Amino acid sequence: METFLCAGVALLVVALILFFYLLNTARKKVTPSTNIASKKDLLPVYLSLADKPESIIQGMEKLKANVQKTETAGDKWRWVPLIIFFGGVGLILIDLVFDVLGYFSLIFTAGGIALWIAAIVMARSLRKSDSQDFPPRYNGTKKILHTLRDDLRPGSTFLGHLDLTGSLLPTKVARTAKDSQDRTTEYFRDEWLALKAKLYDGNILRISAIQKSKKRKSYWKRSRISGKMKMKPEKYKGSEQDLKVRIVVNPELYKIESSSPTFKQGLNVGKFTISQLSTDGGIINFVANSPFEEVEHENILSILQSAYALLKRKAAT
Amino acid sequence: MSRKIIPFVVAFVLICLVMAVSGLFAFSGVVTAEKFGSDMVWSQPYSTAESMNVINVMGDDQDELFIQNTTNVSVYDGSGATLFSQDYQYPKTTLGDINADGMEDIVVFYLGDLGYSVDTIVNGEKSTLTESLNIGLPARVAIIRFPPGDQIVLGDSSGNLLSLSLDGQPLWSYSVGSEEIRGMDDARIGGAIHLAAASHSGALAVLDSEGKAIWTTSQEQLRRMRAFDLNGDGNSEVITGGEYGALYIYSAADGNTIFNSSLGQAVSEVREVELNGDPSSREIVVGGKDGGVWAFSNTGNQLWSGSLSDKVTEISGIDINGDGKEEAVIGAESGEVAIFSGTGSRNNLKTHSTPITRIDVGKLGNERYVIIADGNEVQVHKASFSSIPGFQYTPIIVGVIVSAVILVIAAILTSIPKKPELKASFQDKSKESLEAERRMLKESIADVERLRKSGEVTGDAYLARLKRLRRDLADNEAAFKAAGFPIKVETIQCPNCGGTLELGMDKCEYCGQVLLS
């Protein structure tokens, strides 16, 4: 009797754990998981760009729609594992009824447990169809491309990449440094957007958006009070954005002004501050920094627009 | 294989597996819904019965309930009325026909006023057969039908045997060890009946009608010894259960060991039970001091095992459901009474508040009853059996339900589209576009080199970025070739790591492989 009671209690505990697991799967996730920088985990996307703007924009929209379609298809069946779980409970209850009537049977319980296993397998498979949100930069880049599409030379393409796989990947460690306490700090360089375009006015535009981040690696430290060795976790130390722009100016159409009151070194444009500016050799080179972790597409577009203040259209001959 | 097909293939395999297991359970007959029960018909106060039997001892045409404990011998009729009752000191009893009238009589070996004595009770009439016997405290008594003639054999608590003729004359004596006689049974050798006797010391002997040993042996201290002709070959098997768990089956003919096993706990009871319904062989059920229950075939193969919560005190074979196979009804010191079927499945009857001492089955009046004696009383029960018809096919139903669910899950998983690739390439295939892309990639490679030289990017990050750009360059070359445009190839693949390298490099930058191209 005690054996059956123990088995019954164990089955009840398993059923409760399984119920809450399946309930958790059935509900749509409200709180997304976060990474070390306390940012929510986003969909890691990498796009190689070498096409006309319309094709790229359409491709980006299609990719988003496909991800959404997979997620919606999964959402439709979200509650099915829980229903199968209750089907298993029903089968086990049949055995319970037999036992109450004085007959001993485990065959329905075995079936019920088989259904529970099936429910777990289905729940796990449905979870695979879940997707994280698209990064805001994905939409931002799309808007940049959309804005620049009419400025592109007819028949030419955008070239470059959009790398939204994450700024703290091991492959993006640019260098490491050690401090006096032998702690290692990693410096990340994530060139998340590289774009080259031949413009309608004959200029060639190159944009490079780089996120520079810093992270101190975990290390062991001896406690001054207890003398025990304790592991300190890795720590995110912040990041900043760099925007490198190069405009090869069409000399037939434009003359470059050496300076402009609306575009000069040290000037703040949106979230950016122009830190370097050069107009040598008929090329405008500038670097703009932003202490913010995120810069919106409006900031990038407005600094590009401001850069055109350096150009003075030559009079038609 | 298409991802639309794989879930169905997996589902098909699983369904086959589920249905095969279901079929195995359904058609092997192991799945049954059977219920054993009992309703008490009458009871009488009678404490701690040592011997109990449903048998005709009153000379009428009805069976009575004979029962004996440490102070009394009684006989009850089918309705529980007392037909005979006599108090004794230290009585031990056996049943047998001592007056050749074809009816069973009671033989009582006890301590009387004139020493150790033997009484006979014939049709309810008590008479003293003999007194002042030269033997110790009664331990066992048996009527053995030796070929030359029946003998009453007495066993005492010091291992002594004394044989009497049916008129009470001592015939022979023998000593089996120095401790209490724990088993005395008739054992056949070539069809002729002999006496098998064993004492607690572990000594075991098979004797002929003159008290001469055919063979003797000794083993660990004994709790039980019984002799049965398990395979009906005319030679009995002598079964012993030891104080430390040894179970032996000896051949009564020569004392050879047929089988032995260690059960891990003292053997408290051994009985033969016709578990499989095959009349050519009998099975044995063994109970342990810690509640273990084992069933063995006549050759010693273990058929099943089970357990009760306390010492097994009694085992009885009763065909409750009338299928020709006996169920083992087992009582325990805890008061539990359990019925084990031929396959070892267990059903419980009502638990008693005192230890079960004896269980027997027999016809009292017109009905067959199960009689259970515990520490306080003897109860006569009507045993019942019920089963759900067709229950053996429920595994098929369960299998079909599980298979249907598996199929539904496969269908649902198939309906979910594949998650799109999150690394995408939007590429225009025109020559101008491919050339522009090529230029851009080369500029980017130059940028990375510049960053490395300036120290802004070092180590793995430099190599990872370079690797990706070179791979894109190789893809660009492939796109040129695919479109049929002429292209000067500038990349090669490392044969070791597969990374893309610039043509002319003699060592892979990613894995260090030396290149001989």
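What you are looking at is a predicted structure, and each value in this text was computed from that prediction instead of being measured.

The rules behind each value
Residues numbered from 1 in each chain as written. Chains lettered and ligands numbered in written order. Predicted model: local features only at pLDDT ≥ 70, side-chain atom pairs only at ≥ 80, totals over all residues. Heavy atoms only, no water. Contact = heavy atoms within 4.5 Å. Buried area = accessible area lost by both parts, 1.4 Å probe. Salt bridge = Lys/Arg side-chain N within 4 Å of Asp/Glu carboxyl O. Helix = DSSP H or I, 4+ residues; strand = E, 2+ residues; numbered from the N terminus. Nonpolar A, V, L, I, M, F, W, Y, C, P; charged D, E, K, R; others polar. Pairing = 2+ DSSP bridges. Disulfide = S-S within 2.5 Å. Buried < 20%, exposed > 50% of the residue type's maximum accessible area, 1.4 Å probe, protein only. Polar contact = N/O pair within 3.5 Å; in protein donor to acceptor, adjacent residues only side chain to side chain. Axes fitted to C-alpha atoms, helices over the stretch in contact; angles between N-to-C directions. Parallel < 35°, antiparallel > 145°, perpendicular 65-115°, else oblique. Core = buried A, V, L, I, M, F, W, Y, C linked by side-chain atoms within 4.5 Å. Patch = residues over 30% accessible without salt bridge, like charges linked within 9 Å, V, L, I, M, F, W, Y side chains within 5 Å. Areas by Shrake-Rupley, 256 points an atom, 1.4 Å probe, with all protein chains shown as cover.

To continue, consider the interface of chain A and chain B. Contact residues are listed per partner, giving 62 residues for chain A and 53 residues for chain B. Each partner contributes to the roughly 4,600 Å² buried at the junction of chain A and chain B, and carbon and sulfur atoms together form 64% of this total. For chain A, the biggest contributors to the area lost against chain B are Tyr46, Tyr103 and Ile107 of chain A; these three give 15% of the whole. Applying the counting criterion to the chain A and chain B interface returns seven salt bridges. With its nearest N and O atoms 2.7 Å apart, the salt bridge here joins Asp447 of chain B to Arg206 of chain A. The set of elements that each furnish at least two residues to the side of chain A that touches chain B consists of strand E1 (45–51), helix H2 (53–76), helix H3 (80–100), helix H4 (107–128), strand E2 (158–164), strand E3 (173–178), strand E4 (184–198) and strand E5 (204–216) of chain A. The class makeup of the residues in the side of chain A that touches chain B is 32 nonpolar, 15 polar and 15 charged. Examined bridge by bridge, E1 of chain A and strand E33 (residues 423–427) of chain B share five bridges and lie parallel to one another.

This paragraph deals with the state of the cysteines. Disulfide: a covalent bond formed between the sulfur atoms of two cysteine residues. With the rule as written, the count across this model stands at zero disulfides over all chains. Here Cys497 of chain B stays free of any disulfide, with the sulfur of Cys508 of chain B as its closest cysteine sulfur at 3.7 Å.

This part takes up the pattern of salt bridges. A full pass over the atoms with the stated rule returns 41 salt bridges over all chains. Three or more residues are tied together by salt bridges with common partners; here these are Arg224, Arg226, Glu269, Arg271, Glu314 and Arg358 of chain B.

Moving on to the side chain of Glu243 of chain B. All names here are of chain B. Here Glu243 is to be found in the loop between strand E19 (237–242) and strand E20 (246–251). Judged by relative accessible area, which is 17%, Glu243 ranks as buried. At 2.8 Å, the side chain of Glu243 and the side chain of His200 are in polar contact. A distance of 2.7 Å separates the side chain of Glu243 from the side chain of Arg223, its partner in a polar contact. Look past the residues within four positions of Glu243 in its chain and what remains in contact with it is His200, Glu220, Gln221, Leu222, Arg223 and Ala266.

Moving on, we get to the packing of H3 of chain A against H4 of chain A. All names here are of chain A. Look at H3 against H4: their axes get within 8 Å of each other, and the N-to-C directions meet at 170°. Accordingly, the angle class assigned to the pair H3 and H4 is roughly antiparallel. Residues Val80, Pro81, Ile84, Phe85, Gly87, Gly88, Val89, Leu91, Ile92, Ile94, Asp95 and Phe98 of H3 touch H4, and the partners they reach there are Ile107, Phe108, Thr109, Gly111, Gly112, Leu115, Trp116, Ala119, Met122, Ala123 and Leu126. Class assignment for the residues of the contact of H3 with H4 results in 17 nonpolar, five polar and one charged.

Once that is clear, we can look at the nonpolar core. Leu47, Tyr138, Leu243 and Ile303 of chain A are the most contacted members of the largest nonpolar core, which has 49 residues in total. If we ignore the near neighbours within four places in the chain, the residues touching Leu243 of chain A are Ile207, Ser208, Ala209, Phe272, Phe286, Val287, Ala288, Ile300 and Ile303 of chain A. In terms of nonpolar packing, the next biggest core, distinct from the first, is built from 36 residues, Phe98 and Met122 of chain A together with Ala11 and Ile15 of chain B among them.

Residues and elements named next belong to chain B. Across the sheet, four strands lie side by side as E26-E27-E28-E29; this open sheet has antiparallel pairing. Two strands lie at the open edges of the sheet, namely strand E26 (312–318) and strand E29 (346–349), each paired on one side alone. Strand-to-strand twist in this sheet, taken as the mean axis angle between neighbours without regard to direction, amounts to 25°.

Turning next to the sheet that holds strand E10 (residues 138–146) of chain B. Residue and element names in this part refer to chain B. If you trace the four strands from one edge of the open sheet to the other, you get E10-E11-E12-E13, paired in antiparallel fashion. Every other strand in the sheet has two partners, leaving E10 and strand E13 (170–175) as the edge strands with one partner each. Pairwise comparison of adjacent strand axes, ignoring direction, gives a mean angle of 20° for this sheet. Summarising the sheet, strand E11 (residues 149–156) and strand E12 (residues 160–164) pair through four bridges and their orientation is antiparallel. If you follow Leu154 over to E12, its bridge partner there is Leu162.

Another aspect to go through is a nonpolar patch on the surface. Residues Ile5, Val9, Phe12 and Val13 of chain B make up a contiguous nonpolar surface patch of about 370 Å² in total accessible area. For Val13 of chain B, the location among the structural elements is in helix H1 (residues 6–28).

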